[in-house]
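Below, each chain spelled out in residue letters.
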Amino acid sequence: MVLKLKSIAQVAAGAVLAASIGTQALAQETVKIGLIVPLSGGQASTGKQIDNAIKLYMQQNGATVAGKKIEVIVKDDGAVPDNSKRLAQELIVNDKVNFLAGFGVTPAALAVAPLATQAKVPQVIMAAGTSIITERSPYIVRTSFTLAQSSEIIADWAAKNGIKKVAALVSDYAPGADALNFFKPKFTAGGGEVVEEVKVPLANPDFAPFLQRMKDAKPDAMFVFVPAGQGGNFMKQYTERGLTGIKVIGPGDVMDDDLLNGMGDAALGAVTAHLYSAAHPSQKNKDFVAAYKKAFNQRPGFMAVGGYDGIHLIYEALKKTGGKTDGDALIQAMKGMAWESPRGPISIDPETRDIVQNIYIREVKKVDGELYNVEFATFEAVKDSGKIKK
Ligand code: PHB
C-alpha cells in the first residue's frame, strides 16, 4: 500500500516535471520584442506609424521566424524618458524580452541604453535621430536616420542655390541642436549666413512669438527642424502669421508625409533633404504605400519606414542566428546587413551600427491634387557624419 502510494507520488512528480519542461520548451519557442513608443501626447503619431508598420510587416511576412513565434509587446511611454526606462526595466525583468525596439525621441533612447548594455539585449532605434545615440551602447542598432545626414546636405544645396540669409528655428532639445550644428558650418562655408536662431520648446509649442522673430530677420529662407508630428501645427501658424513668402528648408521632418497633405498650399515649394518620401518612385515603395493605405487608411511617413525596416532587421538577424536570441550573436548578425527598403537601398554600418542610406532633396509639389515631397536629387549611401567627424 505504502509502495503504491509512493509510486503515485512519483508519477505525479514526473508529470509536474514533464509539464514544466513542456512550458519551458514552449517559452523558448517565442521571441519577445518589447516595443516602447509614444502612443499618447505630442509625439503619438510617431508611435502610431511604427506600430502600424510593424503590424503590416508581420501580416505580410508571418509571425514565425526560424521556427520561433514572434510576439510584440507594445508599451506607450508618451515620449517621457522616465517612463521609457521603467517600461524597459519591466520588459527585461518580467517579460524577459529578447529585443527592445521603438524609441520615438532621443531622450527615451538614451534613458534605455544602459539597460540594454546591462541585459545584453539589442535595442533597435526606429525613430530617434541624434548622432550620439548609437555610441551609448554596443547593443544599439539604428534603422531611422540622423539629423546630421540631412542637415549637411540641405546646407550645401541652399548655399549653391542662391540662398544667402537664413533664419533658423529648431526644437529645443538634442536633435534640434544636431540639426543646427550640422547645418550652420556647411552653409557658412558655402558663403551663407545664419542671421537669426530660435529654439522652441519641445512640448506643446506655440510657434507664434518665434515666427515673428523669423519674419523680422527678413531671411531668404527659414531653416526648420521640428520633430515628426509637429509640422502640421507649425505650418498652420506659419501661414496665419503671414510668413508664406519665406521659403522653408531643412531636414524633412517638418514635411512628414502623414501630415503634409493637410498643410495646404503654403507648403508648396518647401525644399527639404530626407530619407523618405511617400512619392519615392520605386516599385517596393509603391507596394508599401498601397498596402499601408489599405490597412490604415492613411499615408505612411518616414517613421513608419523606420519601424518597417526595424522589424525586418530583427527578422533577418534571427534567420542568421537560426533563431538563437543571444544578444551578442544578434548584434553581430545585424552588422553590415543590407537590403532594399521602401526608402531605397540601406545598410547597417558594421563599425557604428548606424544606418547608411540615400538622402534625397525634395520639393513639395501637387501631384494629382495631393501634396507630395517630390525627390529631385539623390545622395547615395550617406553615413552619419556626426561620427565620421570624430
Ligand atoms: C528625436 O527625438 O531624436 C527625433 C524625433 C522626431 C524626429 C526627429 C528626431 O522627427
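Heads up: the structure comes first, above all this text.
Since we're looking at a predicted model, the values are computed, not measured.

*Asks:* How should the overall build of the protein chain be read in this particular structure?
*Replies:* Scanning the protein chain from terminus to terminus reveals 13 helices and 15 strands. Reported as C-alpha extents along the three principal axes, the dimensions of the protein chain are approximately 100 × 40 × 35 Å. Looking at the protein chain as a whole, 54% of its 390 residues are labelled buried. Sequence-distant contacts in the protein chain: of pairs separated by 6 or more residues, those separated by 24 or more amount to 67%.

*Asks:* What should I look at first to understand the site of the ligand in this one?
*Replies:* The environment of the ligand is made up of 15 residues, and the closest members are Thr106, Gly129, Tyr173, Ala228 and Asp253. With respect to the ligand, the side chain of Asp253 contributes an N or O atom lying 2.5 Å from an oxygen atom. Classifying every residue of the shell around the ligand by side-chain character gives 11 nonpolar, 3 polar and 1 charged.

*Asks:* I would appreciate a short explanation of the pairing of strand β8 (residues 193-200) in the present structure.
*Replies:* The two faces of the sheet receive side chains in turn, since in a regular strand these alternate between them. Looking at chain direction, strand β7 (residues 165-171) and β8 are connected through 7 bridges and run parallel. Across the sheet, Val166 pairs through a bridge with Val194, a residue of β8. With respect to chirality, the unit in which β7 leads through helix α6 (residues 174-189) into the neighbouring parallel β8 is right-handed.

*Asks:* Looking at this structure, how should I read α6?
*Replies:* Along an α-helix, residues three or four apart share an orientation, since each turn contains 3.6 residues. Between its terminal C-alpha atoms α6 stretches 23 Å, which fits the 22 Å expected from 16 residues at 1.5 Å a residue. Among the residues of α6, Pro175, Gly176, Asp178, Ala179, Leu180, Phe182, Phe183 and Phe187 are the ones counted as buried. A positive backbone phi angle near 100° is found at Gly191, which sits one or two residues after α6.

*Asks:* Teacher, can you tell me more about the packing of helix α2 (residues 44-61) against helix α11 (residues 302-321) here?
*Replies:* Relative placement of two packed helices is described by the angle separating their axes and the distance separating the axes. Here α2 crosses α11 at 45°, and the two axes come no closer than 7 Å. It follows from the interaxial angle that α2 and α11 lie oblique. For the element pair α2 and α11, the recorded crossing hand is right-handed. Between α2 and α11, the residues in contact are Thr46, Gln49, Ile50, Ala53, Ile54, Leu56, Tyr57, Met58, Gln60 and Asn61 and Phe302, Met303, Ala304, Gly307, Tyr308, Ile311, His312 and Tyr315, respectively. Considered class by class, the residues forming the contact of α2 with α11 number 12 nonpolar, 6 polar and no charged.

*Asks:* Is there a simple way to think about the side chain of Ser84 in this case?
*Replies:* For Ser84, the position within the fold is in helix α3 (residues 81-93). Overall, the relative accessible area of 0% leaves Ser84 in the buried class. Engagement of the side chain of Ser84 in a polar contact is seen with the side chain of Asp77, the distance being 2.8 Å. In this structure Ser84 touches Ile36, Asp77, Ala108 and Val112, once residues within four positions along its chain are discounted.

*Asks:* Help me out: how do you make sense of the nonpolar core in this one?
*Replies:* Nonpolar side chains tend to gather and get buried jointly when the protein is soluble and globular. Leu100, Ile154, Phe183, Phe187, Phe223, Ile249 and Met334 are the most contacted members of the largest nonpolar core, which has 96 residues in total. For this core, the two domains that each supply at least three residues are domain 1 (2-145 + 284-353) and domain 2 (148-274 + 359-388). Once residues within four sequence positions are removed from consideration, Ile154 is found in contact with Phe183, Phe223, Ile249, Gly250, Val271, Thr272, Ala273 and Ile361. Of all hydrophobic cores here, the second largest spans 27 residues; its members include Phe210, Leu211, Tyr238 and Leu260.

*Asks:* Teacher, can you tell me more about the pattern of salt bridges here?
*Replies:* Note that side chains of opposite charge can pair when their charged atoms are close. Applying the stated criterion across every chain, the model contains 13 salt bridges. Close ionic contact of Arg213 with Glu196 constitutes a salt bridge, the shortest N to O distance being 3.4 Å. Within this pair, whereas Arg213 is found in helix α7 (residues 208-216), its partner Glu196 is found in strand β8, the two being separated by 17 residues in sequence. Relative accessible area serves as the criterion here: at 39%, Arg213 is assigned to the partly exposed category. We note a salt bridge from Glu370 to Arg299, for which the minimum N-O separation is 3.0 Å. In this pair, Glu370 is assigned in strand β15 (residues 370-382) and Arg299 in the loop between α10 (283-296) and α11, connecting sequence segments 71 residues apart.

Cut-off values and rules
Residues numbered from 1 in each chain as written. Predicted model: local features only at pLDDT ≥ 70, side-chain atom pairs only at ≥ 80, totals over all residues. Heavy atoms only, no water. Helix = DSSP H or I, 4+ residues; strand = E, 2+ residues; numbered from the N terminus. Buried < 20%, exposed > 50% of the residue type's maximum accessible area, 1.4 Å probe, protein only. Contact = heavy atoms within 4.5 Å. Near = heavy atom within 4 Å. Polar contact = N/O pair within 3.5 Å; in protein donor to acceptor, adjacent residues only side chain to side chain. Nonpolar A, V, L, I, M, F, W, Y, C, P; charged D, E, K, R; others polar. Pairing = 2+ DSSP bridges. Right-handed = clockwise from strand over helix to strand, strands pointing away. Expected span 1.5 Å × (residues − 1). Axes fitted to C-alpha atoms, helices over the stretch in contact; angles between N-to-C directions. Parallel < 35°, antiparallel > 145°, perpendicular 65-115°, else oblique. Left-handed = near helix turned anticlockwise from the far one by under 90°. Core = buried A, V, L, I, M, F, W, Y, C linked by side-chain atoms within 4.5 Å. Domains from an automatic or database assignment. Salt bridge = Lys/Arg side-chain N within 4 Å of Asp/Glu carboxyl O.

Shape is all these values report; function is a separate question.
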